[in-house]
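Structure assessment
This is what each chain is made of:
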Amino acid sequence: MDSTDPGAAPRGLDAFRRGWETQIGDDVFQLPAFSPDTIGDFRVKGHVAKVHGAAIADLHAASATRTADVPGADQDLVAIYVVQRGAWTLGGRPGSGEQTVSDGQFLVGHLGRLSAFETTAHLTAKFLVLPPGELKPLLGNRVITGPADSAEIRLLTALTDMIHLTVAGLDPTGVEAAQGALIELAKAVAKGRFDDVEPRLAPALTQAAKDLADRRLADPELSPAMLARELNVSVRTLHRAFAAVGEQVTTYIRHRRLHEARLALTAPSGRLSISELAAHWQFADSSHFTRTFKKHYGQTPTEYARSTRAASLSPNRHPPGHGSAESR
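Residues numbered from 1 in each chain as written. Predicted model: local features only at pLDDT ≥ 70, side-chain atom pairs only at ≥ 80, totals over all residues. Heavy atoms only, no water.

**A closer look at the environment of A158**
Tracing the backbone through its elements, the reader meets A158 in helix 4 (residues 151–166). Judged by its relative accessible area of 1%, A158 falls in the buried class. Ignoring anything within four residues of it in the chain, the contact list for A158 reads A204, Q207, A208 and D211. (Helix = DSSP H or I, 4+ residues; strand = E, 2+ residues; numbered from the N terminus. Buried < 20%, exposed > 50% of the residue type's maximum accessible area, 1.4 Å probe, protein only. Contact = heavy atoms within 4.5 Å.)

**Remarks on the packing of aromatic side chains**
For the structure shown, the criterion picks out 13 aromatic pairs. With a centroid separation of 5.1 Å and an interplanar angle of 50°, the aromatic rings of F283 and F289 are classed as tilted. By relative accessible area, which is 9% here, F283 ends up buried. With relative accessibility at 0%, the residue F289 sits in the buried group. An aromatic cluster of at least three residues, connected via ring pairs, comprises F16, W20, F29, F34, F42, Y81, W88, F117 and F127. (Phe/Tyr/Trp six-rings, centres within 6.5 Å; stacked < 30°, edge-to-face > 60°.)

**What about the environment of A218?**
Among the secondary structure elements, A218 is positioned in the loop between helix 6 (202–215) and helix 7 (224–230). C-alpha of A218 to C-alpha of H280: the two residues are 62 residues apart in sequence and 6.2 Å apart in space.

**Let's talk about unusual backbone geometry**
Positive phi is not limited to glycine here, since H52 has a value of about 60°. With respect to the helices, strands and loops of the structure, H52 is situated in the loop between strand 1 (44–51) and strand 2 (54–61). For Q282, which is not glycine, the phi torsion reads 65° and is therefore positive. Mapped onto the elements, Q282 comes out in the loop between helix 10 (274–280) and helix 11 (286–297).

**Notes on the sheet that holds strand 5 (residues 87–90)**
In space, the four strands of this open sheet follow the order 3-8-5-6, with antiparallel pairing throughout. Edge positions in the open sheet fall to strand 3 (65–66) and strand 6 (99–102), since each of these has one partner strand only. Both strand 3 and strand 8 (residues 117–119) contribute to a ladder of two bridges, which runs antiparallel. Bridge assignment links T65 to a residue of strand 8, and that residue is T119. (Pairing = 2+ DSSP bridges.)

**Observations concerning the side chain of K187**
Mapped onto the elements of the fold, K187 is located in helix 5 (residues 172–191). For K187, the residues in contact, after removing those within four places along its chain, are E134, L135 and L138.

**Brief notes about the side chain of H164**
Within the fold, H164 resides in helix 4. Here H164 falls in the buried class, since its relative accessible area comes to 11%. Residues in contact with H164, not counting those within four places in the same chain, are H47, V48, A49, I56 and D58.

**Section: the sheet that holds strand 2**
Sheet strands pair via backbone hydrogen bonds, and the direction of the pair is either parallel or antiparallel. Strand order in the open sheet formed by six strands is 1-2-9-4-7-10, with antiparallel pairing between adjacent strands. Edge positions in the open sheet fall to strand 1 and strand 10 (143–147), since each of these has one partner strand only. Between one strand axis and the next, the sheet turns by 15° as a mean value, whatever way the strands run. Where strand 1 lies against strand 2, eight bridges are found, and the strand directions are antiparallel. Residue K45 lies in a different strand from strand 2, and its bridge partner there is H60. Its contacts with the sheet put helix 5 on strand 1, strand 2, strand 4 (74–85), strand 7 (105–113), strand 9 (123–130) and strand 10, and the angle it makes with strand 1 is roughly 110°. (Axes fitted to C-alpha atoms, helices over the stretch in contact; angles between N-to-C directions.)

**Focus: the pairing of strand 7**
Where strand 4 and strand 7 come together, eight bridges link them in antiparallel fashion. Paired with L77 across the bridge in strand 7 is L111. Across five bridges, strand 7 lies against strand 10 in antiparallel orientation. Its bridge partner lying in strand 10, V108 is registered against I144.

**Digging into the pattern of salt bridges**
On inspection of all chains with the given rule, the structure shows twelve salt bridges. Here E118 ties to R66 by a salt bridge, and the two come within 3.9 Å at their closest N and O atoms. Of this pair, E118 sits in strand 8 while R66 is found in strand 3, placing the two residues 52 residues apart along the sequence. Across the pair K187 and E134 runs a salt bridge whose closest N-O atoms are separated by 3.1 Å. (Salt bridge = Lys/Arg side-chain N within 4 Å of Asp/Glu carboxyl O.)

**Here's the deal with helix 8 (residues 235–244)**
Of the residues making up helix 8, those classed as buried are T237, L238, A241 and F242. One face of helix 8 carries all of its buried residues, which in axial projection span an arc of 135°. Within helix 8, the exposed residues directed more than 90 degrees away from the buried face are R236, A243 and A244. In this structure, the buried side of helix 8 is in contact with helix 6, helix 7 and helix 9 (249–265). (Arc of directions from axis to C-beta.)

Following this line, the structure appears as structure tokens:
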């Protein structure tokens, strides 16, 4: 769904609504009517997916939006808002008991009626709607808020990213299982703790750990213990989750560091020495780095850098886009 193309407004909302109805339909969540003062410049794009009786959406709004000031229709669902940038205000205009989810925050609650909301321009957020069956008794009338980098929200967002990538290839049983995993993690958010014996959540825990490791690759403190602490699980649980998908935590970290070091060896400028690369990517010393690199790639770092430079200078090398393999 994308209503941000040049010239899309005032048809932007129509394009967005058609995309939502095609991907999600009205049976899970019905889009509200929007205020006329935001329809004329409605620039929002999103990546949405229906997951059995649930829906997930990654939304990017270039323009501010506001729903029309009309009474909401009855509905029965649990909604989760995770805001990475901008702000999402729920419950109407200022002074009417609204609640704002600011950047770096989340909100989860049960919705009994279609509530008014407004969003700032330049919003980046995840929006989830889930069936209320198992969640409504946990939430009651509470609205739960907190930081978006909490362990449970990290797991939930990692799972939604995985679902976006795989849902098109899932059979009905797989889609139902994906919804079950979403509900289990939403329960973890409501309870403030992760069920570390729930096998359906192992892929989400693994992906969340990988996402965190990728952001901390150069950190000397990066380890299974640090990842487990950040994700609020035991080290044993983390190892068990990786084993369930056929991997090991330390192997993943080592391979990602080797990959980044290999890219640095081919950088056109500012190339680091072997010793500097070893130190930056947390290898014990240059000898250890060289042995590990050769075992993984079949060449020492020096040999790899030399062969890459030679290939780039070869007169037979086709520039990208002129029939070489690189243009595919």
